[in-house]
Amino acid sequence: MNDAIDVLSWVLLAGGGAFVFVGGLGALRLPNCYTRMHAASRTDSMGSILILLGIMLQAGWSLATVKLITILAFLLLTGPTASYALANSALLSGLKPEKSQTDSAEK
Amino acid sequence: MVVLFAVFLLTLLVFTAVAIVRTDNLFVAVMLTGIFSLLMAANFFVLDAADVALTEAAIGAGITTVLFLGALALTAEHEKSVSTVRWLSMGVVIVTTLILIYATFEKPRLGDPQAPVHQHVAPWYLEQTPELIDIPNVVTAILGSFRGYDTLGELNVILTACIGVLFILGGRRGKHLPSDGKVLPSTAHGLRRHLIPKVVGLLAIPFIVLFGLYIQFHGEYGPGGGFQAGAIVASGIILYALLEGEEKALQAVPRPVLMGMVIGGAILYGAVGIAGIVLGGNFLDYSVLADNPVKGQQLGILIIELGVGITVCGALLSIFHAFATRESV
Amino acid sequence: MELFGLFNYWAFNVVLMTGFYAVIAKGNLIKKLIGLSILQSAVFLLYITMDKVDGGTAPIIQKGMTDQVFSNPLPQVLILTAIVVGISTTALGLAIVIRIKEAYGTIEEHEVQNQDQDK
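Conventions used here
Residues numbered from 1 in each chain as written. Chains lettered and ligands numbered in written order. Predicted model: local features only at pLDDT ≥ 70, side-chain atom pairs only at ≥ 80, totals over all residues. Contact = placed C-beta atoms within 7 Å. Nonpolar A, V, L, I, M, F, W, Y, C, P; charged D, E, K, R; others polar. pLDDT = per-residue confidence, 0-100. Helix = DSSP H or I, 4+ residues; strand = E, 2+ residues; numbered from the N terminus. Buried ≥ 20, exposed ≤ 12 C-beta atoms within 10 Å, placed from the backbone. Arc of directions from axis to C-beta.

**Student:** Hey, could you run me through the interface of chain A and chain B in this one?
**Tutor:** Often, the extent of an interface is quoted as the loss of accessible area on bringing the components together. Contacts between the two partners involve six residues from chain A and, on the opposite side, five residues from chain B. Considered class by class, the residues forming the side of chain A that touches chain B number three nonpolar, three polar and no charged.

**Student:** Even after reading the chapter, I still don't get the confidence of the model for chain B, so can you show me in this structure?
**Tutor:** A low pLDDT score tells you not to read the predicted coordinates there in detail. All names here are of chain B. Here chain B averages 85 in pLDDT, while 90% of its residues score no lower than 70. Of all the helices and strands in chain B, helix α5 (residues 122-132) carries the lowest mean pLDDT, 84, while helix α2 (residues 26-46) carries the highest, 92. Note that residues 173-177 has pLDDT below 50 and, in this model, one contact with residues that lie over four places away or in other chains. Here residues 179-183 scores under 50 on pLDDT; set against residues more than four positions off or in separate chains, the count is zero contacts. Across the whole predicted complex the pTM is 0.89, and at the interface the ipTM reaches 0.92.

**Student:** Explanation requested: unusual backbone geometry in the structure shown.
**Tutor:** When glycine is set aside, most residues are seen to have a negative phi, and most peptide bonds are trans. Residue and element names in this part refer to chain B. For Asp48, which is not glycine, the phi dihedral falls at a positive 70 degrees. Mapped onto the secondary structure, Asp48 falls in the loop between α2 and α3 (50-75). By C-beta crowding, Asp48 is classed as buried, having 21 other C-beta atoms within 10 Å. One non-glycine residue, Asp134, lies in the positive phi region at around 60 degrees. The topology assignment puts Asp134 in the loop between α5 and α6 (138-146). Take Asp134: there are 15 C-beta atoms within 10 Å of it, and that puts it in the partly exposed class.

**Student:** Can you help me understand the interface of chain C and chain B in this one?
**Tutor:** Each partner contributes to the interface: chain C provides 73 residues, whereas chain B provides 80 residues. Those elements that provide at least two residues to the side of chain C that touches chain B are α1 (2-25), α2 (29-50) and α3 (74-104) of chain C. Ranked by residue count, the leading element in the side of chain C that touches chain B is α3 of chain C, at 22 residues. Its residues assigned to classes, the side of chain C that touches chain B shows 44 nonpolar, 20 polar and nine charged.

**Student:** How should I be thinking about α5 of chain B in this particular structure?
**Tutor:** All of the buried residues along α5 of chain B are Ala122, Tyr125, Leu126 and Thr129 of chain B. Each buried residue of α5 of chain B lies within a common arc of 100 degrees when the element is viewed along its axis, so the set occupies one face. Away from its buried face, by an angle of more than 90 degrees, α5 of chain B presents the exposed residues Pro123, Trp124, Glu127 and Glu131 of chain B. Packed against the buried residues of α5 of chain B are α6 of chain B together with α3 of chain C. The positive-phi residue at the C-terminal boundary of α5 of chain B is Asp134 of chain B, with phi of around 60 degrees.

Right, here's the structure in full:
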């Protein structure tokens, strides 16, 4: 049972790390501001959920788990709000999202 | 494994510092300073300094970023003129770096228990704290009781900085709405059109203040204390000021209350010291405050940490209001 | 472990000198203040690096645990004070920069000196 919990928490931590890496890669390589913001917000949501779940499995039923659940709730509440505020202020200050090329434009 | 993590954090720290100096855009530099403070806090935690990590995260990454952004908004200098590399300065810097690297070979090995810094006073503090003061957090015991004078001096330093900023920037008093047709600064209205951050932020503020109070009163049992708690409560109220606007924030915590907090905390600290003299001991001697010397020490530390928290919160809020209510030229 | 200790000290070196370079070589006043705060943070890193003991934990004495190795609490107390003093000087410096901008119209060092020499 302990081994199963260990393996599961390792899988969750590795998955969370992969999401953080993908978020960082996207923030560097994607073309414009809005797509980069979308990539960076992956770190806040999926990355934090998976990593904190992995740590909670390691901590077991203790006070530390309650604190970790509170931290997760706070991060899930404020992370997407921060991404929204950033995107909203970018839109209000005049940065327009690029339109994609449609087929009708080429014909 | 921890060694690898620490090496990674230190490398990121060096890259961030170089990026801060090299960038031209001041806004980017301020944001990178916030990331630098966060990496510093993580480094401190890896090196077993939990109190210092909490303080650096609360004050460095939180309050310093807000103050720099407030100053940037007033000076309105988003770009800086490109300057060439100054060769004399670079030469001095490189020579000093080489001298310091040569000096690091003489330093004691990291983590050596026989290093001189671990020999004289520190083992005495670690042994005597359970007997004399009996609180788990040794750092708070040293800060509050063994080295209480230094903390009194530091409290007066932040009081002086608050007074200095108020003299230099001279905030407007009370509800003074300009009646001669001048346009109110944009900070007066808050985030009117941004509904989601407003709702979520207002939801989070009571929990932030509650967490600040938790850190204040648990400073003796775990990492925490007055400085961190004052910074966290101040950042909660700064969030309210950013969301609702300056006028409402000054109605919620008016300027006389802020002045009272700043001065009251310092007077509380001094009063504990004088109470020690009145009750028969020395200045800042807590053993005479209660029947049992150990209980007296705990009571003394609790009251002075409260004084420190109140003053730090009031001072940081006053400085923020002085920056935010200044009209930009 | 020897190399790791040296790496810590060298990282402190580089960050200290980077902040110092920003203070002496950059012309913008706010950049100088940012460099000053980087310099202070590097000094904090040096003090906290010196307080680590092999196999130690944070100096919080739990009841009933004996024979535990703790890290040195004394540099942590000094650095707690220093962080708050650092932000006090930064706030005061930023207030002075704001007044300079209002008086001279610029925060570049050479432009301020030119205006002073012209007067």
